[in-house]
Amino acid sequence: MIRGIISVLRGTPQHPVGPDGRMPLSDHVRELRARLVRSVLVLLVVFVGALFFYDQLFALVLEPYNDAREQLGQSVETKAYVQGATGPLLMQLKLCGVAAIVIASPYWLSQIWGFVVPGLHRNERKWSRIFAAVAGPLFLAGVAVGYYVLPKGLEVLIGFTQESLENLVEFGDYFSFFTRMLLVFGIAFEIPLFVIMLNLAGVVSGAALGRYRPWIIIGTFVFAAVATPSTDPFSMLMLAIPMLVLFLLAEIAARVVDRVRARRRAVAPGWADDQPSPL
């Protein structure tokens, strides 16, 4: 019994691997459960630690709003507030919970990676490692751009308030807007990477990307206009321009990959998908 519990916590199979090299389904379930338990425990530990740094986290989240309020000056009266008697407690739990998910993301993502990677082929593991190494910095770069753009977006939105009115910003709504804005920028920066992965899979070619480049430019600006929660032109441009640069780099990378493939086929031509093999 104790040996089984230790096996589950370590994520190691309790039964030996079969003669075909495959692990039984029950061991897969045990491994998944162990990884989930470890991830939840780490999230709880980081959540408790985040409670001690709540003031710093709160200042970090509220800084874009304070910057926007300073830029507005005396033109608009605005104030952040918390609604209800339980509002401050829920605000603290929500903020620390999101911080725990973000801070502990390298660990729980590595647990997902450790569970999935044994089922991949060697070539798939190589490309997935490259994808994981590039996706993280791209996402963080998008979040950083979103955090930089957020004060200007708030300034534009709050600036629509009439002079005879006072703008009251409920912190719960502001925090939802804050997280949504950063997620949009972070995910948008990943789209060109998915284009490269489609090219590596043979779905999209570099020449096709070049032919549809005008439509990609238009679609990027439309996506930026719809995706940015602030709906102001500055945020749209700050999202669209880096995406267009990344799309251009993705097209260049796709063309390089296509040329390498063409050279390999010229040296060692293979069989077409619809061509029967002599075997």
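Conventions and cut-offs
- Residues numbered from 1 in each chain as written.
- Predicted model: local features only at pLDDT ≥ 70, side-chain atom pairs only at ≥ 80, totals over all residues.
- Heavy atoms only, no water.
- Helix = DSSP H or I, 4+ residues; strand = E, 2+ residues; numbered from the N terminus.
- Buried < 20%, exposed > 50% of the residue type's maximum accessible area, 1.4 Å probe, protein only.
- Contact = heavy atoms within 4.5 Å.
- Areas by Shrake-Rupley, 256 points an atom, 1.4 Å probe, with all protein chains shown as cover.
- Patch = residues over 30% accessible without salt bridge, like charges linked within 9 Å, V, L, I, M, F, W, Y side chains within 5 Å.
- Salt bridge = Lys/Arg side-chain N within 4 Å of Asp/Glu carboxyl O.
- Core = buried A, V, L, I, M, F, W, Y, C linked by side-chain atoms within 4.5 Å.
- Axes fitted to C-alpha atoms, helices over the stretch in contact; angles between N-to-C directions.
- Parallel < 35°, antiparallel > 145°, perpendicular 65-115°, else oblique.
- Left-handed = near helix turned anticlockwise from the far one by under 90°.
- Nonpolar A, V, L, I, M, F, W, Y, C, P; charged D, E, K, R; others polar.
- Expected span 1.5 Å × (residues − 1).
- Arc of directions from axis to C-beta.

Visitor: What exactly am I supposed to notice about the overall build of the protein chain here?
Guide: Across its full length, the protein chain carries 11 helices and two strands. Relative to its 279 residues, the protein chain shows a buried fraction of 32%. Long-range contacts, defined as pairs at least 24 residues apart, comprise 79% of the intrachain contacts of the protein chain with a sequence gap of at least 6. When the accessible surface of the protein chain is summed, it comes to about 18,000 Å², and 68% of that surface belongs to carbon and sulfur atoms.

Visitor: Got a minute to help me understand a nonpolar patch on the surface in this structure?
Guide: A cluster of nonpolar side chains, contributed by Leu237, Ile241, Val245, Leu248, Leu249, Ile252, Val256 and Val260, occupies part of the molecular surface with about 660 Å² of accessible area. Here leucine 248 shows up in helix H11 (residues 233–267). Given the relative accessible area of 45%, leucine 248 is considered partly exposed.

Visitor: Would you mind showing me how to read the nonpolar core here?
Guide: Most often, soluble globular proteins have nonpolar side chains that are buried together. Core analysis: the largest hydrophobic core is formed by 47 residues, its most contacted members being Tyr174 and Leu239. Listing elements by their share of this core, those giving two or more residues are helix H2 (25–52), helix H3 (54–72), helix H4 (87–103), helix H6 (122–158), helix H7 (171–188), helix H8 (191–200), helix H10 (213–227) and H11. By residue number, the principal contributor to this core is H7, which donates 10 residues. Setting aside its immediate chain neighbours within four residues, leucine 239 contacts Val184, Phe185, Ala188, Phe189, Ala224 and Thr228.

Visitor: For this particular structure, what's the right way to read the packing of H7 against H11?
Guide: Two measures define how a pair of helices packs: the angle their axes make with one another and the distance between the axes. Viewed as axis vectors pointing N to C, H7 and H11 meet at an angle of 20°, and their least axial separation amounts to 10 Å. By the criterion of interaxial angle, the relationship of H7 to H11 is roughly parallel. Crossing angle aside, the handedness with which H7 passes H11 is right-handed. Contacts between H7 and H11 pair Met181, Val184, Phe185 and Ala188 from the former with Ser235, Met238, Leu239 and Met243 from the latter. Among the residues making up the contact of H7 with H11, the classes are represented as seven nonpolar, one polar and no charged.

Visitor: Any chance you could explain the pattern of salt bridges here in plain terms?
Guide: In a structure, side chains of opposite charge can pair up when their charged atoms sit close to one another. Within the structure shown, the criterion is met by four salt bridges. Where glutamate 31 meets arginine 35, a salt bridge forms, and the shortest distance between an N and an O atom there is 3.1 Å. Here the residue glutamate 31 and the residue arginine 35 both occupy positions in helix H2, the gap between them amounting to four residues, near one helical turn. Like glutamate 31, the residue arginine 35 is buried in the burial classification. Note that arginine 255 and glutamate 251 form a salt bridge whose closest N and O atoms lie 3.2 Å from each other. Of the two residues, arginine 255 and glutamate 251 are both situated in helix H11; the distance of four residues between them amounts to about one turn of the helix. The exposure class assigned to glutamate 251 is buried, which follows from its relative accessible area of 6%. Taken together, the shared-partner salt bridges connect Arg213, Glu251 and Arg255 into one network.

Visitor: What is the right way to read H10 from this model?
Guide: The terminal C-alpha atoms of H10 lie 20 Å apart, and with 15 residues this matches the ideal 21 Å at 1.5 Å per residue to within 8%. Those residues of H10 lying buried are Thr220, Ala224 and Ala227. Projected down its long axis, H10 carries its buried residues within an arc of 80°, all on one side. In H10, the exposed positions that point more than 90 degrees away from the buried face belong to Trp215 and Val226. Its buried side turned inward, H10 meets H7 and H11.

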